[in-house]
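So the chains spell out like this:
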Amino acid sequence: SHHLSVQVLGRSLMAGLLRSSIGALNASSRVKLDTSNVACLPQPRSMQWQEYMDSCLPLVLLVLLCMAQVYAYRLRRAIAAFFFPKREKSRVLYFYNKLLRHRQSFVLRQRKLVTQRARQHPGLGLSVLEWCCQRWPRLRRWLRRSCTVCGTPRISQDWVCPTPTCGALYCRPCW
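This text gives an overview of the structure that appears in the document. Quick caveat, the model's predicted, so the values are computed rather than measured.

## Let's talk about the overall build of the protein
A count of helices and strands for the protein gives 4 helices and 4 strands. Order of helices (α) and strands (β) in the protein, N terminus to C terminus: β-α-β-α-α-α-β-β. The proportion of buried residues among the 175 residues of the protein is 11%. Residue pairs in contact within the protein that sit at least 24 positions apart in sequence constitute 31% of those at least 6 positions apart. Total accessible area on the protein stands at roughly 16,200 Å², and carbon and sulfur atoms take up 63% of it.

## Topic: the pattern of salt bridges
Oppositely charged side chains may form a pair once their charged atoms are brought near each other. Per the counting criterion, the structure on display carries 3 salt bridges. Here Glu88 ties to Arg77 by a salt bridge, and the two come within 2.6 Å at their closest N and O atoms. You can see Glu88 sitting in helix α3 (residues 85–119) and its partner Arg77 sitting in helix α2 (residues 49–83), a full 11 residues away along the chain. When the shortest N-O distance is used, the salt bridge between Glu88 and Arg91 registers 3.4 Å. Taken together, the positions of Glu88 and Arg91, both in helix α3 and 3 residues apart, correspond to about one turn of that helix.

## As for α2
Its 35 residues place the ends of α2 49 Å apart at the C-alpha level, agreeing with the 51 Å of an ideal helix rising 1.5 Å per residue. In the structure, α2 departs most strongly from a straight axis at Cys56, where the bend amounts to approximately 35 degrees and where the proline Pro58 lies between one and four residues downstream.

## Remarks on a nonpolar patch on the surface
A surface patch of nonpolar side chains, amounting to about 800 Å² of accessible area, comprises Trp49, Met53, Leu57, Val60, Leu61, Val63, Leu64 and Met67. Its place among the elements puts Met67 in helix α2. For Met67, a relative accessible area of 52% puts it in the exposed group.

## Topic: the environment of Val6
By the secondary structure assignment, Val6 is in the loop between β1 (2–4) and α1 (13–22). For the pair Val6 and Leu18, spaced 12 residues apart in sequence, the C-alpha separation works out to 9.9 Å. Val6 has contacts with Ile22 and Asn26, leaving out every residue within four places of it along the chain.

## Topic: the side chain of Glu88
Relative accessible area serves as the criterion here: at 14%, Glu88 is assigned to the buried category. Each residue touching Glu88, except ones within four places of it in the same chain, is listed here: Arg77 and Ala81.

## Observations regarding the environment of Asn26
With respect to the helices and strands, the residue Asn26 is situated in the loop between α1 and β2 (27–29). Note on Asn26: relative accessible area 33%, which makes it partly exposed. What Asn26 contacts, discounting residues up to four positions off in sequence, is Leu4, Ser5 and Val6.

Criteria and thresholds
- Residues numbered from 1 in each chain as written.
- Predicted model: local features only at pLDDT ≥ 70, side-chain atom pairs only at ≥ 80, totals over all residues.
- Heavy atoms only, no water.
- Helix = DSSP H or I, 4+ residues; strand = E, 2+ residues; numbered from the N terminus.
- Buried < 20%, exposed > 50% of the residue type's maximum accessible area, 1.4 Å probe, protein only.
- Contact = heavy atoms within 4.5 Å.
- Areas by Shrake-Rupley, 256 points an atom, 1.4 Å probe, with all protein chains shown as cover.
- Salt bridge = Lys/Arg side-chain N within 4 Å of Asp/Glu carboxyl O.
- Expected span 1.5 Å × (residues − 1).
- Bend = angle between axes of the 7 residues up to and from the residue.
- Patch = residues over 30% accessible without salt bridge, like charges linked within 9 Å, V, L, I, M, F, W, Y side chains within 5 Å.

If you want it as structure tokens, here you go:
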């Protein structure tokens with residue numbers, strides 16, 4: 001809404017002239033303008049069955065190919081083993097030895113970890129409750145403990161070191 005008004009005061013000839021010429025500028029107007037972008041927006045509609053298939057079928061095929069890749073690699077290895085048995089034998093022997101090395105290094109690493117924890121100074125990093133449990137072994141049953149090697153919480157089948165000052169706890173797989 002716009003309102004323009006010019007008032008000229010006075011009785012002179014010039015005032016009368018200005019009133020007659022500028023009086024035409026006095027105006028009031030109302031403008032109502034509505035704008036919308038609805039015409040520019042896409043009109044939503046539900047997808048057809050074929051469109052769902054076109055979008056989901058490549059994903060399903062990709063998952064199936066990922067699963068089939070394992071069997072293709074096994075088949076490739078079996079074919080190579082059929083034509084090159086000596087190479088397959090050396091391959092299997094290599095992987096077997098690698099597995100044994102990993103097991104051996106795991107055992108050595110865990111032994112070092114346990115000995116390092118055992119050599120730790122009793123006053124450093126030990127809570128009052130653990131100190132009391134070392135002094136009085138009967139208190140150990142109320143202490144929440146975990147496996148010395150892997151750190152899993154204690155269960156009833158765990159093995160406890162019989163040495164009274166040690167009391168290290170081992171779960172069944174680590175023992």
